[in-house]
Amino acid sequence: MTAIRQHEALRQAYDGITAVVSRLDDAALQTPTRCRGWLVADLLFHVLCDAQRALVALASPVDGPADVDDVSYWRSFPMGGDGDGAKHAWWARRSAAAFDRPSGVVRIWSDTAPAAVRAAAAADPDGFVTTQGHVLRVPDLLATLTTEAVIHHLDLVVDLPDAPLPAELPTRVAAAPMDGLLTDDAVRPAGWDDRDYLLRAAGRVPLTDRDRLELGEAAGWFPLIG
């Protein structure tokens, strides 16, 4: 996918989250999500940190080559309930709670997300950036940000039945790296759409017996990302 399509996917991913949270009052922003221990405002704060990280990364061009791409990037994070992940989860929850109202997180998100998208559109598509100790091509960075945003959008709406779902383009971009994380011979079950794929790949929805039968040995690779 071209860099132009990658930043458009990121724009649609972030706009999708904004469409969910901007219509919520303070009570609804305290609705549970799929992420253990996190309310909507807590999870939004986590995604806000991603948008801030995007701004820093896109303003930090470096020489190549890249050491990870939009697939291998995900392999650099340990699976399971590691201590660093638990500490981040607790920090994000306390940070979101420090706002006088949950809608305060929405206000900062609404300023930061469009700025990150503008920086993505202005970035050199042939350039390299650094983030989280890695060097990535700009389009690969945008793909990882889109993947994270789409999965967390799905996390946000689990108890918000009237909320809009992620758009088709960012969902397709988010699902693409999952194929690379499977074995070469593995194919996703025919009944899965991209959202089903992402929810199972991220461990949000457990594999059924039928899923395991269709995946065969590849079922042991799930979840593909944490």
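Calculation notes
- Residues numbered from 1 in each chain as written.
- Predicted model: local features only at pLDDT ≥ 70, side-chain atom pairs only at ≥ 80, totals over all residues.
- Heavy atoms only, no water.
- Pairing = 2+ DSSP bridges.
- Helix = DSSP H or I, 4+ residues; strand = E, 2+ residues; numbered from the N terminus.
- Contact = heavy atoms within 4.5 Å.
- Axes fitted to C-alpha atoms, helices over the stretch in contact; angles between N-to-C directions.
- Expected span 1.5 Å × (residues − 1).
- Buried < 20%, exposed > 50% of the residue type's maximum accessible area, 1.4 Å probe, protein only.
- Parallel < 35°, antiparallel > 145°, perpendicular 65-115°, else oblique.
- Nonpolar A, V, L, I, M, F, W, Y, C, P; charged D, E, K, R; others polar.
- Phe/Tyr/Trp six-rings, centres within 6.5 Å; stacked < 30°, edge-to-face > 60°.
- pLDDT = per-residue confidence, 0-100.
- Bend = angle between axes of the 7 residues up to and from the residue.

With respect to the sheet that holds strand S2 (residues 128–131)
Adjacent strands of a sheet form backbone hydrogen bonds with each other and so pair up, either parallel or antiparallel.
Then, in step 1: Pairing within the open sheet is antiparallel, and its 3 strands lie in the order S1-S2-S3. Every interior strand has two partners, whereas the edge strands, strand S1 (61–62) and strand S3 (134–137), have only one.
Then, in step 2: Bridge count between S2 and S3: 4 bridges; the pairing is antiparallel. Bridged to phenylalanine 128 within S3 is arginine 137.
Then, in step 3: Along the sheet, helix H2 (residues 40–58) makes contact with S1 and S2, crossing S2 at roughly 135°.
Then, in step 4: Running at roughly 100° to S3, helix H6 (residues 138–156) makes contact with S2 and S3 of the sheet.

A short note on H6
Then, in step 1: For H6, with 19 residues, the first-to-last C-alpha span of 27 Å sits near the 27 Å given by 1.5 Å per residue.
Then, in step 2: Along H6, 19 of the 19 residues are buried, which leaves the element largely enclosed by surrounding structure.

Quick word on the packing of H2 against H6
Then, in step 1: Axis separation between H2 and H6 bottoms out at 10 Å; the angle between their running directions is 175°. Comparing their axes, H6 and H2 come out roughly antiparallel. Here Val40, Leu43, Leu44, His46, Val47, Asp50, Arg53, Ala54, Ala57 and Leu58 of H2 lie close against H6, whose contacting residues are Val138, Leu141, Leu142, Leu145, Glu148, His152, Asp155 and Leu156.
Then, in step 2: In terms of residue class, the contact of H2 with H6 is built from 12 nonpolar, 2 polar and 4 charged.

Some thoughts on the packing of aromatic side chains
Then, in step 1: The tally for this structure, following the rule as stated, stands at 6 aromatic pairs.
Then, in step 2: A centroid spacing of 5.9 Å and a plane angle of 40° characterise the contact between tryptophan 192 and tyrosine 197, whose relative ring orientation is tilted.
Then, in step 3: On the basis of relative accessibility, which here comes to 8%, the residue tryptophan 192 falls in the buried class.
Then, in step 4: You can call tyrosine 197 buried: its relative accessible area is 0%.
Then, in step 5: An angle of 80° between the planes, with centres 5.9 Å apart, marks the rings of tryptophan 192 and phenylalanine 222 as edge-to-face. With a gap of 30 residues between them, tryptophan 192 in the loop between helix H7 (168–181) and helix H8 (194–201) and phenylalanine 222 in the segment after helix H9 (209–215) connect regions that are remote in the sequence.
Then, in step 6: For phenylalanine 222, a relative accessible area of 13% corresponds to the buried category.
Then, in step 7: One aromatic cluster in this structure is built from Phe45, Trp91 and Phe99.

A short note on the confidence of the model for the protein
Then, in step 1: Mean pLDDT over the protein works out to 93, with 95% of the residues at or above the 70 mark.
Then, in step 2: Of all helices and strands in the protein, the one with the weakest mean pLDDT is helix H4 (residues 83–97) (83), whereas H6 scores best (98).

Re helix H5 (residues 103–122)
Helical geometry note: an α-helix holds 3.6 residues per turn, so side chains three or four residues apart project in the same direction.
Then, in step 1: Its 20 residues give H5 an end-to-end C-alpha distance of 29 Å, which sits within 8% of 28 Å, the value for a rise of 1.5 Å per residue.
Then, in step 2: Taking the largest bend as the criterion, H5 deviates by roughly 25°, centred on tryptophan 109.
Then, in step 3: Residues of H5 that are buried include every one of Ser103, Gly104, Val105, Val106, Trp109, Thr112, Ala113, Ala115, Ala116, Val117 and Ala120, and no others.

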